[in-house]
Amino acid sequence: MIRGMKSRSLLVIGSALVLSWMTMNWPCGTAFAQSLENEQGPLPTLEITPGNVRAFRTAVLRFRTIGLPVGEERIATLRKEIERSLAFSSIVLPLEHDAYLASDESASFADKGAIDCDSWKQSGADALVEGELRRDEGRLRADLRVWDIARCKQFKTGRLTADRDDLAQLGRIIADESVEALTGTRGVAATEIAFISDRTGHRELYVAAADGRDQRPATRSNTLKLAPDWLPDGRAILYVAYGALQPGFFLTSRSKDISPGPILAHVMKGLPKYRGRFDPTGEELAMVTSVDGAAEIFRVERRGNGTVRLTNHPAIDISPSWSPDGREIVFVSDRSGAPQLYVMDRDGGNLRRLTFTGAYNASPAWSPDGRWIAYETRVRGQFDIWLIDPSGQINFPIVEHARSDEAPTWSPDGRKIAFSSRRRGRYDLYVMDWNGENLQRLTRRSGANIQPDWGPRMR
Amino acid sequence: MTAELIGWTDEQSLDHRRRMRNAMLVSLAIHGLVMALFAATPRPQFASFPEVLAVELVAAAPAPRAKPSAPPPEAARSAPAPPPVVKAPVQVLPEESPGRIRKAAPKPPEPKVVAKVKPEPEPVIRRPTREKALSYEDAMAALDDELGVDETADLLTPAPKKSEESTAQASRDQEARTGVAISPELAAWNLATRRLIQSKWVTPASYRGRGLATGLELRLSASGDLIGPPIVVQSSGDPFFDDNAVRALLTVAPLPPVAKPGRRLFIFRSEAD
């Protein structure tokens, strides 16, 4: 019995000695000991602040074709379109092919094995896009996989179909999906921008892809048109046309559900309508018209009912822009003697002046996240684009140039701003990141291009 | 005017095309009628040429010259369309450039509604007037296009200053921040680790100015390997900012070998203090 107790004591002591040795010498044992120490005091802390890496890198593999007679050239075109659209995002860039340390062919989706993450990590890829193309009931179908290289697992899988063999649009959508996987917010390569151009000798309404490609007219009636504004669902565009009579509102439509032609013609009949802005629901408009010789802002239902006067001042009140929640409107008024930005509630109440610097502030555009209002301000005889927060506390320039930059409009993700600029002589459209970086020119040698309005995302 | 309205239907355009077609039909009908009349009527006998009279031209006294009227507004001159269309841009101006409205005084095209007479707005699109004076710029633009000049060079974004941190400085900074003195070895490790993570951590501009901070707890072996995944112990409120920080750590792992392995707290901030 006693011998048994002794041996048990020896066993306990021996175990304790072994454990203490492990604690002192083995790495994980040391970590464990350290953790005990840490629990008695604050953890060693290291603060990390941003470096200079601004964009994710994504490897785009060649898509496999499944029973689809697609030539090598078209597969390469799709890959190029995806990479081009990623580059447009300026937040997720394509990884250079020279850096690839693994095969650039998509794996079969039937094979659920993982990719060679170590090689891709060494290549510098943060994500990887691969896919399969097939024809499904006459439509082009792309099955998509986006990989998180750091964790070596799939971010997302998806299936996209296209009505036409429009590889450019398919590439844009795939790129936007990849941007969403990495950042949580979909890209805007597949969106469009409406604008006014006089390239044919008359100011007509045009539509272009967000990166400036596929520019095409959306009206063609040889009358002056201005002030385009997308219906929030993207199915139609409102514009102001100047015929023989007063300027009035018209719609151009790409949906069978929305009739093109004049709208609100019976509302405030006989009065000129200078500009209309749909609220975020698309059911109401903020409308600028002229009453008693002064431009005033009204709110009116899209069907023409319920007109509400929002401003009532002998000064000029113009250029309304809705807050993203539809509760407030920022607009321009010269009631102080010079054009300045003002904010009011959707019923016209709670009016407050927003800008106090700059002798000429105009063209406000509220950002989709509600944090900023972009506007143009005159500096030394030309216009720069500034941002101001809705409280008026923070106000700073994002673009300064010796030539005018005007009429800012936000992309639906709030990451980019399009505007018209005379920096190359004529008015052209440009797009840049919201902080003024990554400037790109959208129009070239095609007349004056003004008043861009960035359209919504279309699913 | 050869482009098609791909996918878009615009009633104004349809009306325009309809009007054009009708005008063409009417024109054809009139021409046909005239030709028929011409064919049906007997050929006229041409009268002989009148006798030519020699006339001597005498200089007349100059008539009093009317005062030159003021030049039309720039907008009217530049407007390419017929009168009604020319008026239209004048109406646009109040919307576009309110500040100038007070300077010019053209009458509004439709006086129906106007109760008070207000100084007429100068066209908002007046800014295009500067276009005319800048024809050389058009040439510049064309030249730039041809030569492929990159206008993005106009935007010079100053590169962020790289602080010349020394290990000793880092140690002093840490001490100043936390009030806790740390060894030069730990300061060196902190510096190396921070730079390693900064070289891979993607921080898009959209994160800036939001005051985001994510706290990650991790366990390190002596060789710098992560023992288990980092755990978010303090969220920034933006799940993608949090996830991005985790991904940055996983990407750079292993970290530099560490003298004292164990738990660490890494705080990722969206901007420097």
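Residues numbered from 1 in each chain as written. Chains lettered and ligands numbered in written order. Predicted model: local features only at pLDDT ≥ 70, side-chain atom pairs only at ≥ 80, totals over all residues. Heavy atoms only, no water.

**Q** Any chance you could explain the sheet that holds strand S16 (residues 284-291) of chain A here in plain terms?
**A** Either a parallel or an antiparallel arrangement is found when strands of a sheet pair, and the pairing is made through backbone hydrogen bonds. The 4 strands lie next to each other as S15-S16-S17-S18 (chain A), forming an open sheet whose pairing is antiparallel. Edge positions in the sheet fall to strand S15 (273-278) and strand S18 (308-309) of chain A, since each has one partner strand and no second. (Pairing = 2+ DSSP bridges. Helix = DSSP H or I, 4+ residues; strand = E, 2+ residues; numbered from the N terminus.)

**Q** Would you mind showing me how to read the packing of aromatic side chains here?
**A** Note on aromatic pairs: each is described by the distance of the centres and the angle between the planes. As enumerated under the stated definition, the model contains 12 aromatic pairs over all chains in all. Where Phe 419 of chain A meets Tyr 430 of chain A, the ring centres are 5.9 Å apart and the plane angle is 20°; that geometry is what we call stacked. Here the residue Phe 419 of chain A occupies a position in strand S28 (residues 416-424), and Tyr 430 of chain A occupies one in strand S29 (residues 426-433), the gap between them amounting to 11 residues. A single burial state applies to Phe 419 of chain A and to Tyr 430 of chain A, both of which are buried. Both rings, one in Tyr 207 of chain B and one in Phe 241 of chain B, keep their centres 5.1 Å apart while their planes meet at 85°; by these two values the pair is edge-to-face. Placement of Tyr 207 of chain B in the loop between helix H8 (184-198) and strand S2 (213-220) and of Phe 241 of chain B in helix H9 (residues 239-252) is noted, with a sequence separation of 34 residues between them. For Tyr 207 of chain B, a relative accessible area of 6% gives the class buried. Here Phe 241 of chain B falls in the buried class, since its relative accessible area comes to 1%. Taken together, the aromatic side chains of Trp 201, Tyr 207, Phe 241 and Phe 268 of chain B make up a single cluster linked through ring pairs. The ring centre of Tyr 206 of chain A lies 4.6 Å from the NZ or CZ of Arg 199 of chain A, which sits over that ring. Directly above the ring of Phe 88 of chain A sits Lys 416 of chain A, whose terminal nitrogen or CZ lies 5.0 Å from the centroid. (Phe/Tyr/Trp six-rings, centres within 6.5 Å; stacked < 30°, edge-to-face > 60°. Buried < 20%, exposed > 50% of the residue type's maximum accessible area, 1.4 Å probe, protein only. Lys NZ or Arg CZ within 6 Å of the ring centre and 35° of its normal.)

**Q** Any chance you could explain empty space enclosed by the protein here in plain terms?
**A** Gaps left between atoms show up when a probe the size of a water molecule is rolled over them. Per the counting criterion, the structure on display carries 1 cavity of 30 Å³ or more. Put simply, the largest cavity is a space of about 60 Å³. In terms of lining residues, the largest cavity is bounded by Phe 56, Asp 126 and Ala 150 of chain A together with Lys 200, Trp 201, Val 202, Asn 244, Arg 247, Ala 248 and Thr 251 of chain B. Among the elements that take part in the lining of the largest cavity, H9 of chain B stands out by supplying 4 residues, more than any other. Classifying every residue of the lining of the largest cavity by side-chain character gives 5 nonpolar, 2 polar and 3 charged. (1 Å grid on protein atoms, 1.4 Å probe; cavity = no way out; pocket = protein on both sides within 12 Å on 5 of 7 lines; lining within 4 Å. Points joined across faces, edges and corners; volume = space filled by probe spheres on them. Nonpolar A, V, L, I, M, F, W, Y, C, P; charged D, E, K, R; others polar.)

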